[in-house]
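Residue strings, one per chain:
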Amino acid sequence: MTDKNRVVIFDTTLRDGEQSPGATMSHAEKLEIAGLLDEMGVDIIEAGFPIASEGDFEAVKAISKQTKEAVICGLARANFKDIDRCWEAVKHAKKPRIHTFIGTSELHRAIPNLTMDEMADRIHETVSHARNLCENVQWSPMDATRTEWDYLCRVVEIAIKAGATTINIPDTVGYTAPNESADLIRRLIAHVPGADEVVFATHCHNDLGMATANSLAAVEGGARQIECTINGLGERAGNTALEEVVMAMKVRHDIIPFTTGIDSTKLMNISRRVAAVSGFAVQFNKAIVGKNAFAHESGIHQDGMLKNAETFEIMRPEDVGLSETNLVMGKHSGRAALRSKLSELGFDLGDNQLKDVFVRFKALADQKKEIYDEDLIALMQVGSDVEDRIKLVALQVSCGMDLEKSAEMSLSIDGQTHSTRQTGDGPVDAAFNAVKALFEHSARLQLYQVSAVTEGTDAQATVSVRLEEGGKIATGQSADVDTVVASVRAYIDALNRLLVRREKSGGDLAEVSYKDAG
Ligand code: KIV
Ligand code: ZN
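Residues numbered from 1 in each chain as written. Chains lettered and ligands numbered in written order. Predicted model: local features only at pLDDT ≥ 70, side-chain atom pairs only at ≥ 80, totals over all residues. Heavy atoms only, no water.

Trainee: Go over the pattern of salt bridges, please, and point to the residues and values.
Mentor: One pass over the structure, following the stated rule, counts 29 salt bridges. One salt bridge connects Lys161 with Glu157, and the closest N-O pair in it is separated by 2.7 Å. One end of the pair is Lys161 and the other is Glu157, both in helix H7 (residues 149–162) and four residues apart, which spans about a single turn. What makes Lys161 exposed here is its relative accessible area of 64%. Using a relative accessible area of 23% as the deciding quantity, one classes Glu157 as partly exposed. What emerges from the salt-bridge pattern is a single network uniting Arg15, Asp16 and Glu46. (Salt bridge = Lys/Arg side-chain N within 4 Å of Asp/Glu carboxyl O. Helix = DSSP H or I, 4+ residues; strand = E, 2+ residues; numbered from the N terminus. Buried < 20%, exposed > 50% of the residue type's maximum accessible area, 1.4 Å probe, protein only.)

Below, the structure is given as structure tokens:
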């Protein structure tokens, strides 16, 4: 017997999340995140948009092959070419799903210039085609919440008749509100013939900050699949945050009596990994996974917490996988201790990887006496599998009052070392000018963000740098006790990622339009 109150968690971090400008992940990073999602108990992983690029296709295929439990879903527009390509990638999964969509609101219908009837025919043909390939088919009327009610009912019915097994109702532009969200699903289930044979899903964007509330309201209205992303990553204001809907159902089970298969103690680790690989830091006051979500600053709160944690805590930090910050290691700690501590933090390393991390750990321990969990996490966030063409070899900056700010730098570019000295408005500016002088490029700096990993003046700085070139965006990250070194490494990391994107053949998400249904 199926549990009427079990809500399926559909994670789209690797598809809708990765679509946010600058959040591009490498192949290895996507595989890692998919592995963590599967281990955490996500029911369905939307692994990518296979037609979008060769890289997306390969990632969806590899995730399909590696995944043990979760259903693997790929996205396809409403045309046979997209759907066939999607199937080629997901067919390797134990449990594959094709997700096909088309924009059904008046505004979206105008883009492929289809009449209502022509679009209805297209939906019938493409969903039938997908169903002939795969028995698990999801269909989405994009911009459903702004689609005329009669037309929405008509196309949902067509998709069900053509064989869709899940009907997703996207609030593509984050326009709906909780009462409307619940009502829409409730009315669709009541009106559309065949609605009781499919699962209804909710897919909300957070433009008005209501994505979590709208998703939970849709469940109240009868949806049994929530589409969401880790940290709420996603275009514009993002998607519904997985950690928020999961914990809301858990903590307020008395009034939101639904369950999921998620092991919530894994939330913190996956949140950190997604932040690291996407380059999108989690805001400090973000619900559930923000740095301050369990921090109690004021005297009254601290006093209450010491007497009884429940005075100000509605969930325990352990419930989301947050352990107390410990002084963990120092320069005398050995390799075995490092391996065991990293494993506790969710990083299980092979021997080679451990060797590399150990060298960096020792270098950090020489600079910083006390090494905390956060320092180790930051250490893990540095370095990626991107085959770096550019590497920092040496850097010396001169700065201070009444002094010319300058940077002397050597970079290894494609194996050859080049050096320069450049000036700037400050040490970071001078150092970035040096990178530009040694490796000429037209990329524009979109974001430069520095934050301290722990307390104290010897804290490591984590730096995020986002670069844009010709519509392509890449974010780099680094951490170091020296803020200028971290800044330059982050800049070079972003540049290396941009070069990988530049070299990728075929179109990528920047070129493949979601609106192009044809
Ligand atoms: O927001 C949206 O409409 C989407 C669809 C592709 C499902 O992401
Ligand atoms: Zn979306």
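Trainee: Explain the domain arrangement of the chain to me, and be specific about the residues and the numbers.
Mentor: In terms of domain boundaries, the chain breaks down into domain 1 (8–278), domain 2 (294–323), domain 3 (327–371) and domain 4 (390–503). For domain 2 and domain 4, the distance between their C-alpha centres works out to 39 Å. (Domains from an automatic or database assignment.)

Trainee: Explain the sheet that holds strand S13 (residues 416–423) residue by residue, including any values.
Mentor: Strand order in the open sheet formed by three strands is S11-S12-S13, and the pairing between neighbours is antiparallel. Across the chains shown, the open sheet's two edge strands, defined by having one partner strand only, are strand S11 (390–398) and S13. Strand-to-strand twist in this sheet, taken as the mean axis angle between neighbours without regard to direction, amounts to 15°. In this structure, strand S12 (residues 406–413) lies alongside S13, joined through eight bridges in antiparallel fashion. By the bridge assignment, Ser406 is partnered in S13 with Thr423. (Pairing = 2+ DSSP bridges. Axes fitted to C-alpha atoms, helices over the stretch in contact; angles between N-to-C directions.)

Trainee: Kindly report on the environment of Leu267, identifying the contributing residues and their values.
Mentor: Here Leu267 lies in helix H11 (residues 267–278). Overall, the relative accessible area of 1% leaves Leu267 in the buried class. In the structure, Leu267 is positioned 53 residues away from Val320 in sequence and 5.4 Å away in space, judged by C-alpha atoms. Filtering out sequence-adjacent residues up to four positions away, Leu267 remains in contact with Met40, Leu242, Glu243, Met247, Ile288, Val289 and Val320. (Contact = heavy atoms within 4.5 Å.)

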